[in-house]
Amino acid sequence: MHLELSYFRDPRWAEKFRRILGHLAPREPVKIVHVCGTHEITIAQHGLRSLLPETVEVLEGPGCPVCVTSTQDLDCALKIAEKGAILCTFGDMTRVPGTRMTLEEARAAGADVRVVLSAADAVAIARRHPEKPVVFFAVGFETTAPGTAAVLLDSPPPNFFVFVSHKLIPPALEALLAREPRKIAGILAPGHVSTVIGAAAYRPLAEKYTVPIVVAGFEPLDVLYGIALLLRQLRAGTAEVENAYPRALTKTENHRAKKLFRKVFEVGPAVWRGIGEIPGSGFRLRPEFAAHDAAQEFGVTGEVGEERPAGCLCAEVLMAQALPTDCPLYGRVCTPMIPVGPCMVGMEGACNIWYHYSGRPRL
Amino acid sequence: MRRLAEEKITALHGAGGLMMEKLLVERIIPRFKIRAAGPIGLDQLDDGAVVDLPPGKLVVTTDSHVVKPIFFPGGDIGRLAVTGTVNDLAVMGARPVALTMAIVLEEGFPLSDLERVLESAAAALAGIGVALVAGDTKVMGKGEVDGIVVNTTGIGVAARPVSDAGLRPGDFLLVTGPVGDHGMAILAARNTLPLESPVESDVAPLWPALAAAIATGGITAMKDPTRGGLAAALNEMARKSGVGVEVEEEKIPVRPEVRGPCELLGFSPYELACEGRAVLGVAPEKVEEVLRALRSHPLTAAAQVIGRASSEYPGKVILRTAVGGRRFLEMPLGDPVPRIC
């Protein structure tokens, strides 16, 4: 593994890409959007922006599942925890502010909120506590949804429930492209999500919005290669879906994953924090799994709470319309220690990543 | 059957009476080989120690240690408590002369564990020939403190004290060995993550390893990268010195068994603590001499130049990444692993 990693970080290849990118550099400034916290971490951690042409700006869109989880869903999770369930979720989810408080604050006030690394961990807790309802607050995109689907298909105990807040990437991309047509020059699509949904899922978008879409992996050279393919398409004036991650993405369709999803979930509208409702962008449980549906079991509905603290630019950051450093709160009022907006909380949030790895200045 | 008071710490041990004296005289004091650095030391059980000071400037430092778990791969809280203070003196350019040690114990703390901790602290001191001249023991109720807290205060003398604010543009930055070992060892020992690591803590007193390098007179600034690791040490040195620092990722030694888990967990190895390393700023004309001096001692044999100070971006640290990108290496928010030292 170490060998393989160092291969995709070879500085000689990076230098070659820097020169290729220089040759392909567009004359006018262009905006490339990716939708994946892991891409942003790679870009920031390895200082890749310093290798890009001045005219190329790369921004993270709605790529942080924790950040885009709506206040309504968070409020529902809070209510479930307050009704006496053991609420299990991923670590950074516990720090995102809901309307009244964070899950962490709810825990301090006596609720049983636990951090898990997977849906399977939550099932294990349910088996250890058959006397109590255990609820998995399921956030994440197409990459984490299979984990949730798998535990539900594996006869979980009757005291195990899921509060589903899973979201789908292609509809979010469409919302992004529809809001500002022609402003986004290219999309760097997330490699892991793409192995689940297949690259073919992006084709309608590329055609409808005449925008090139390139699926890229997560090592520094993967990202540079993906950006190079996008710039090449921009120069050629094409709008194709290309695969810059052939070592993982081998098929255009993933029928197994689709079958798994269809067994457990149906697609419906979902509310994204900062963006609003996007049709067909969320999963909900099929009626066959009603017995494990936390929303029904606990009869919770979300309040439409405060989505945006004063001055917070998270909505613009999530829509790739602002850089974290454009926000007046960034680094002053809003830090990972005392986050104001969700993009500073989620470990995949652009503000959090920039704070750790310094997205600006371009050195 | 042994009585409880012989196996576990009870409130009586901390009450200043006979039980306390018995504990001190029988269990604690005899373990330390060097018990005085002047006319009055540990044996006299007086209200204070009297120390004969060699010539030079007096350097004083203090630190309370609360590591969890108290026994970890490569060390324990006893060795750590000695090391932490000795290294703080050493990176000030001072030869350690004497230490004091104050221990706060939780009622019910196993006496055998206390003995192990003291044995280890005593061995660390004996290894570098430094005296323990005074001490204190307190016992708190069950739940009022978590197991054991060890405070050490150290005094040393320096012919030319070295601060962490003396970097000048052009100075080289050196690190004395691989970074992040202690942080990773503690993390792995806690068993809270699905992680196994063969890494041992680097906890070791850096005196006398640094002595020859200090004697060259070429060190302009020095720091031990404990909490917040290399990133915190470099940022602090850059900020206090008013210079920029640029380091090269390729040159920073990190063991693969530290880097691997860091990649998986999303930690930066540059933010993990070290307990047996120093970061040095060295004047350009003295670099070869300092490197030779460091490499002649096994504890600092892997010493390496990792970067240079400049007048670009004063107060900031720039990392040239392995792929050739450049970014700021920010001051860590806090240590990714709490309660490490």
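## Some thoughts on the overall build of chain A
Secondary structure summary: chain A contains 17 helices and 11 strands in total. Its C-alpha atoms give chain A principal-axis dimensions of about 65 × 45 × 40 Å. Across chain A, contacts joining residues at least 24 apart in sequence account for 76% of those joining residues at least 6 apart.

## Focus: the interface of chain A and chain B
It is common to give the size of an interface as the accessible area lost on bringing the parts into contact. Between chain A and chain B, the contact holds 19 residues from the first and 14 residues from the second. Elements represented by at least two residues in the side of chain A that touches chain B include exactly helix H2 (11–24) and helix H17 (350–357) of chain A. Examining the composition of the side of chain A that touches chain B, we find that three residues originate from one element, H2(A), more than from any other. In the side of chain A that touches chain B, the residues fall into 11 nonpolar, six polar and two charged.

## Some points on the packing of helix H7 (residues 119–128) of chain A against helix H8 (residues 145–153) of chain A
One can describe the packing of H7(A) onto H8(A) by two numbers: an axis separation of 8 Å at closest approach and a directional angle of 35°. Contacts between H7(A) and H8(A) involve Ala119(A), Ala120(A) and Val123(A) from the former and Gly147(A), Thr148(A) and Val151(A) from the latter.

## A short note on the packing of H2(A) against helix H12 (residues 220–236) of chain A
Residues and elements named next belong to chain A. Contact geometry for H2 and H12: axes closest at 10 Å, N-to-C directions at 20°. Judged by the inter-axis angle, H2 sits roughly parallel to H12. Judged by the sense of rotation from one axis to the other, the crossing of H2 with H12 is left-handed. Of the residues in H12, those in contact with Trp13, Ala14, Phe17, Ile20, Leu21 and Leu24 of H2 are Pro220, Leu221, Leu224, Tyr225, Ile227, Ala228, Leu231, Arg232 and Arg235. The residue inventory of the contact of H2 with H12, partitioned by class, reads 13 nonpolar, no polar and two charged.

## With respect to the environment of Arg182(A)
You can see Arg182(A) is positioned in the loop between helix H9 (169–179) and strand E7 (186–190). When the C-alpha atoms of Arg182(A) and Gly217(A) are compared, they prove to be 25 Å apart, with 35 residues separating the residues in sequence.

## Details of the domain arrangement of chain B
Residues and elements named next belong to chain B. Here the domain parsing of chain B yields domain 1 (4–46 + 54–158) and domain 2 (172–328). Spacing between the C-alpha centres of domain 1 and domain 2 amounts to 28 Å. Contacts between the two partners involve 22 residues from domain 1, matched on the other side by 21 residues from domain 2. For the side of domain 1 that touches domain 2, the element with the most residues is helix H3 (residues 77–90), which contributes 10 residues. Taken together, the residues of the side of domain 1 that touches domain 2 sort by class into 13 nonpolar, six polar and three charged.

## Digging into the sheet that holds strand E10 (residues 279–282) of chain B
Residue and element names in this part refer to chain B. Spatially, the seven strands line up as an open sheet ordered E8-E10-E7-E11-E9-E12-E13, and their pairing is mixed. Looking at the sheet topology across the chains shown, the edges are occupied by strand E8 (219–223) and strand E13 (326–328). Sheet twist, expressed as the mean angle between neighbouring strand axes with direction ignored, is 25°. Across four bridges, the pairing between strand E9 (residues 244–248) and strand E11 (residues 304–310) is antiparallel.

## A look at the sheet that holds strand E1 (residues 57–65) of chain B
All names here are of chain B. The four strands are arranged E1-E6-E4-E5 in an open sheet whose pairing can be described as mixed. Pairing within the sheet leaves two strands with one partner each, and these edge strands are E1 and strand E5 (131–140). In this sheet, neighbouring strand axes are inclined to one another by 15° on average, regardless of whether the strands run parallel or antiparallel. Relative to E5, strand E4 (residues 95–106) runs parallel, the two sharing nine bridges. Bridge pairing links Thr100 to Ala134 in E5.

## Quick notes on unusual backbone geometry
Omega for the peptide link from Lys68(B) to Pro69(B) comes to 0°, which places this bond in the cis form. Of note, Pro69(B) is situated in the loop between E1 and strand E2 (71–72). Residues Trp207(B) and Pro208(B) are joined by a peptide bond in cis, for which omega reads 10°. In this structure, Thr210(A) takes a positive phi of about 35° despite not being glycine. Tracing the chain through its elements places Thr210(A) in the loop between helix H11 (203–208) and strand E8 (213–216). The exposure class of Thr210(A) is partly exposed, given the 13 C-beta atoms found within 10 Å. Positive phi values are uncommon outside glycine, yet Ala320(A) reaches one of about 60°. Position of Ala320(A) among the secondary structure elements: in the loop between helix H15 (314–318) and helix H16 (342–345). Residue classification places Ala320(A) among the buried positions, given that 26 C-beta atoms sit within 10 Å.

## So, the nonpolar core
Within the largest apolar cluster, 129 residues are counted, with the highest numbers of intra-cluster contacts made by Ala77(A), Ile80(A), Ala81(A), Leu87(A), Val135(A), Phe137(A) and Phe163(A). Of the residues forming this core, the biggest block, nine residues, is contributed by H12(A). Excluding residues within four positions of it along the chain, Ile80(A) makes contact with Ala85(A), Leu87(A), Val135(A), Phe163(A), Ala294(A), Phe298(A) and Val300(A). The next biggest cluster of nonpolar side chains, apart from the first, holds 105 residues, and it includes Phe32(B), Leu118(B), Val247(B) and Phe267(B).

## Overview of the pairing of strand E6 (residues 160–166) of chain A
All names here are of chain A. When you tally the buried positions in E6, you get seven out of seven residues, the bulk of the element. Residues Phe160, Val162, Val164 and His166 point to one face of E6 and Phe161, Phe163 and Ser165 to the other, with burial holding for every one of them. Sheet analysis places strand E5 (residues 134–140) next to E6, joined by seven bridges and oriented parallel. Within E6, the residue paired with Val139 across the bridge is Ser165. Each parallel crossover has a hand, and the one from E5 via H8 to E6 is right-handed.

## Remarks on the confidence of the model for chain A
Low pLDDT means the predicted atomic positions in that stretch should not be read closely. The pLDDT averaged across chain A works out to 91; a share of 97% of its residues lies at or above 70. Summarising per-element confidence for chain A, the mean pLDDT is lowest in helix H1 (residues 2–7) of chain A (62) and highest in E6(A) (97).

## A few points about H7(A)
Residue and element names in this part refer to chain A. For H7, the set of buried residues is Ala119, Ala122, Val123 and Ala126. With its buried residues spanning 100° around the axis, H7 presents them on a single face. The exposed residues of H7 that point more than 90 degrees off its buried face are Arg127 and Arg128. The secondary structure elements touched by the buried residues of H7 are strand E3 (86–89), E5, H8 and E6.

Reading the values: rules and limits
Residues numbered from 1 in each chain as written. Chains lettered and ligands numbered in written order. Predicted model: local features only at pLDDT ≥ 70, side-chain atom pairs only at ≥ 80, totals over all residues. Helix = DSSP H or I, 4+ residues; strand = E, 2+ residues; numbered from the N terminus. Contact = placed C-beta atoms within 7 Å. Nonpolar A, V, L, I, M, F, W, Y, C, P; charged D, E, K, R; others polar. Axes fitted to C-alpha atoms, helices over the stretch in contact; angles between N-to-C directions. Parallel < 35°, antiparallel > 145°, perpendicular 65-115°, else oblique. Left-handed = near helix turned anticlockwise from the far one by under 90°. Domains from an automatic or database assignment. Pairing = 2+ DSSP bridges. Buried ≥ 20, exposed ≤ 12 C-beta atoms within 10 Å, placed from the backbone. Core = buried A, V, L, I, M, F, W, Y, C linked by C-beta atoms within 7 Å. Right-handed = clockwise from strand over helix to strand, strands pointing away. pLDDT = per-residue confidence, 0-100. Arc of directions from axis to C-beta.

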